[in-house]
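A closer look at the structure
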Amino acid sequence: MQRQSIPSRSFWIIIVAGFVTGMGNGSVFGAALMCWMGRAGIEDWGGVGSGSYIPTTFNGLMTFWMLAFGFAFTLMLALALKRHDTIENGRHA
């Protein structure tokens, strides 16, 4: 029986850890961005319901960056574990 690769064994860990870490960093970036910009001409706060996911609102801009950072960190973690699997198991990509 062939052993599964590291990324396939840790699928949910990649998604959860990548998004939690990335969204945490994205929230810091978003908060710094919001402090730097102020309201910057954004009329709607967008903090209620689905308005907080629209990037043209004040809160939606921060939420967008949180999701973008979460997605980026998930991709980085997946690529790192794929490379680690390649090195550890002697497979060539």
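One numbering rule holds for all chains: residues counted from 1, following each sequence as written. Selection of residues for local features in this predicted model requires a pLDDT of at least 70, selection of side-chain atom pairs for listing and counting requires 80 or more, and totals for whole chains, interfaces and linings are taken over all residues. To obtain the side-chain values, all non-hydrogen atoms of the structure were included, while hydrogens and water were left out.

**Topic: the overall build of the protein chain**
To keep it simple, the criterion reads: Elements are defined by DSSP. Helices are runs of H or I of four residues or more, strands are runs of E of two residues or more, and each kind is numbered from the N terminus. The globule rule used here is 2.2 Å times the number of residues to the 0.38 power, and the radius of gyration it is set against is calculated over C-alpha atoms. Remark: exposure states derive from per-residue accessible area (1.4 Å probe, protein chains only) relative to the maximum for the residue type, with buried under 20%, exposed over 50%, and partly exposed in between. Whether two residues touch is decided by their heavy atoms; if any such pair falls within 4.5 Å, the residues are in contact. Exposure was quantified through the Shrake-Rupley algorithm and a 1.4 Å probe, taking into account, for residues, occlusion by the shown protein chains and nothing else. The charge count includes Lys and Arg as positive and Asp and Glu as negative, but it does not include His or the ends of the chains. Each charge is placed at NZ for Lys, CZ for Arg, CG for Asp and CD for Glu.
A count of helical and extended segments in the protein chain gives 3 helices and 0 strands. Along the protein chain, helices (α) and strands (β) appear in the sequence α-α-α when read from the amino end. Compactness check: the protein chain gives a C-alpha radius of gyration of 18 Å against a globular reference of 12 Å for 93 residues, more than 25% above the reference. Counting only C-alpha atoms and orienting by the principal axes, one finds that the protein chain spans roughly 60 × 25 × 15 Å. Classification of the 93 residues of the protein chain by burial places 28% in the buried group. Considering only contacts within the protein chain whose residues lie at least 6 apart along the sequence, 62% involve residues at least 24 apart. Element-wise, carbon and sulfur atoms account for 70% of the exposed surface of the protein chain, whose accessible area totals about 6,500 Å². Distance between charge centres in the protein chain, computed from 6 positive and 4 negative side chains, equals 16 Å.

**Re helix 3 (residues 58–89)**
Residues that lie three or four places apart on an α-helix share one face, since the helix turns once every 3.6 residues. Worth spelling out the cut-off: Each helix should span, by expectation, one fewer than its residue count multiplied by 1.5 Å.
In a regular helix each residue adds 1.5 Å, so 32 residues correspond to 46 Å; helix 3 covers 47 Å between its end C-alpha atoms and thus fits that length. Those residues of helix 3 lying buried are Phe58, Asn59, Gly60, Leu61, Met62, Thr63, Met66, Gly70, Thr74, Asp85 and Thr86. Contact partners of the buried residues in helix 3: helix 1 (6–9) and helix 2 (11–37). In the stretch just after helix 3, Gly90 is the one whose phi turns positive, near 70°.

**A short note on the nonpolar core**
As a reminder, the rule being used: Buried Ala, Val, Leu, Ile, Met, Phe, Trp, Tyr and Cys residues that are joined via side-chain atoms within 4.5 Å together make up what is termed a nonpolar core.
If you look at the biggest cluster of nonpolar residues, it comprises 5 residues: Met34, Ile42, Phe58, Met62 and Met66. Tallying contributions element by element places helix 3 first for this core, with 3 residues. Each residue touching Phe58, except ones within four places of it in the same chain, is listed here: Met34, Gly38, Arg39, Ile42, Asp44 and Trp45.

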